[in-house]
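So you can see what is in the structure, the chains are spelled out below.
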Amino acid sequence: MDKLIITAALTGAEVTRELNPNLPITPAEIAAAAVECYNSGASIVHLHVRNEDQTPTQSAKVFEETINRIKDQCNVIIQVSTGGAVGMTAEERLQPVALRPEMATLSTGSVNFGDDVFLNPPAYLEEFARVMKEHGVKPEIEAFDVGMINNALQLVKKGLIDEPLHFDFVMGVPGGIPGTVKNLLHMAESIPAGSTWTVAGMGRTELPLGTAAVIMGGHVRVGFEDNIYYTKGVLAESNAQLVERIVRVAEIHSRPVATPDEARAILNLS
Ligand code: KMH
Ligand code: ZN
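Residues numbered from 1 in each chain as written. Chains lettered and ligands numbered in written order. Predicted model: local features only at pLDDT ≥ 70, side-chain atom pairs only at ≥ 80, totals over all residues. Heavy atoms only, no water.

**Regarding the coordination of the zinc ion (ligand 2)**
Looking at the zinc ion (ligand 2), the protein donor atoms are H46 (NE2), H48 (NE2) and E225 (OE), and they sit 2.0 to 2.1 Å from it. The sequence motif formed by the donor residues of the zinc ion (ligand 2) is H-x1-H-x176-E. Residue class for H46 comes out buried when judged on its relative accessible area of 2%. H48 sits in the buried class, given a relative accessible area of 5%. (Donors = N, O, S within 2.8 Å, 3.2 Å for Na, K, Ca; no water. Buried < 20%, exposed > 50% of the residue type's maximum accessible area, 1.4 Å probe, protein only.)

Dropping the structure here:
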């Protein structure tokens, strides 16, 4: 098995301070959380950014300030979101890719998202993949359900994304694939040989799916974007607390944790 790559999804677009007062919002707060997660064992940070009033933004300027603050302090891999928030246009969502981060997310299908729809029609998939390729950015394929894996393979056929592919199985979103270990096995068996994968389990599925991934040889995403609780009814104090917990799970299972440079080698980042 490769060493374990831990991604910290620090802020997301939907969680608010009202839901967890420890949520980082400003570039300085997000950068501090990123460095804390790096020090705890994360090798990738999945970034969303916010306006001062907490509303989500895909502003390249806000991303740039956040990324610069992180890069001044550590060499963690920067992965920007191109999902942004529901209702954003493709143009809005793609803005941070122009900053040429090492990675960006590429959602390969539409999905009901609570009461909303996270819209990713075929034309978006092709455009997002093309823009990432132009900028030399490695996509992390966000699969909210098993059909989205096939959509990614269509992009490979069209020459818009290159193998080896890296997937994030986003599980437990109301509207997407439920976050069970049985479904995780099915997702992991459905990707091409030679691909890598991580799992982002929403809410209370974060820990069991992360533990399964540690055992199966996958990788793990944790953080406030996906889960604001440490245990039932107890809010997490920080993103780093969630990173530290999965590091302990890895230690229990004798799975070493990757540094950012080791993660770069595993993911074929140039
Ligand atoms: N906020 C969700 C609608 C991504 O980062 O690429 C989409 C999302 C996925 O968070
Ligand atoms: Zn995200």
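**A word on the packing of aromatic side chains**
Counted by the stated rule, this structure contains five aromatic pairs. Geometrically, the ring pair formed by Y124 and F128 is stacked, given 5.9 Å between the ring centres and 5° between the ring planes. Separated by four residues within a single helix, Y124 and F128 lie in helix α4 (residues 122–134), roughly one turn from each other. One residue, R245, lies across the ring of Y230, its end atom 4.4 Å from the ring centre. (Phe/Tyr/Trp six-rings, centres within 6.5 Å; stacked < 30°, edge-to-face > 60°. Helix = DSSP H or I, 4+ residues; strand = E, 2+ residues; numbered from the N terminus. Lys NZ or Arg CZ within 6 Å of the ring centre and 35° of its normal.)

**As for the sheet that holds strand β1 (residues 6–9)**
The sheet built from eight strands closes into a barrel, its strands ordered β1-β2-β5-β6-β9-β10-β11-β12 with parallel pairing. Neighbour to neighbour, the strand axes of the sheet diverge by 25° on average, direction disregarded. Pairing between strand β11 (residues 196–201) and strand β12 (residues 219–222): three bridges, direction parallel. By the bridge assignment, V199 is partnered in β12 with V220. With respect to the sheet, helix α5 (residues 147–157) is in contact with β6 (103–107), β9 (138–143) and β10 (166–171), its orientation differing from that of β9 by roughly 150°. (Pairing = 2+ DSSP bridges. Axes fitted to C-alpha atoms, helices over the stretch in contact; angles between N-to-C directions. Contact = heavy atoms within 4.5 Å.)

**Some thoughts on the site of ligand 1**
If you check the shell around ligand 1, you find A13, E14, H46, H48, S81, G83, G84, V86, T105, F113, F118 and E225 and nothing else. Between ligand 1 and H48, the relevant distance is 3.1 Å, taken from an oxygen atom to a side-chain nitrogen or oxygen of the residue. Within the backbone of G84, a nitrogen or oxygen atom sits 2.8 Å from a nitrogen atom of ligand 1. When ligand 1 is considered free in solution it has 300 Å² of accessible area, and contact with the protein chains removes 97% of it. Considered class by class, the residues forming the shell around ligand 1 number four nonpolar, six polar and two charged. (Near = heavy atom within 4 Å. Polar contact = N/O pair within 3.5 Å; in protein donor to acceptor, adjacent residues only side chain to side chain. Areas by Shrake-Rupley, 256 points an atom, 1.4 Å probe, with all protein chains shown as cover. Nonpolar A, V, L, I, M, F, W, Y, C, P; charged D, E, K, R; others polar.)

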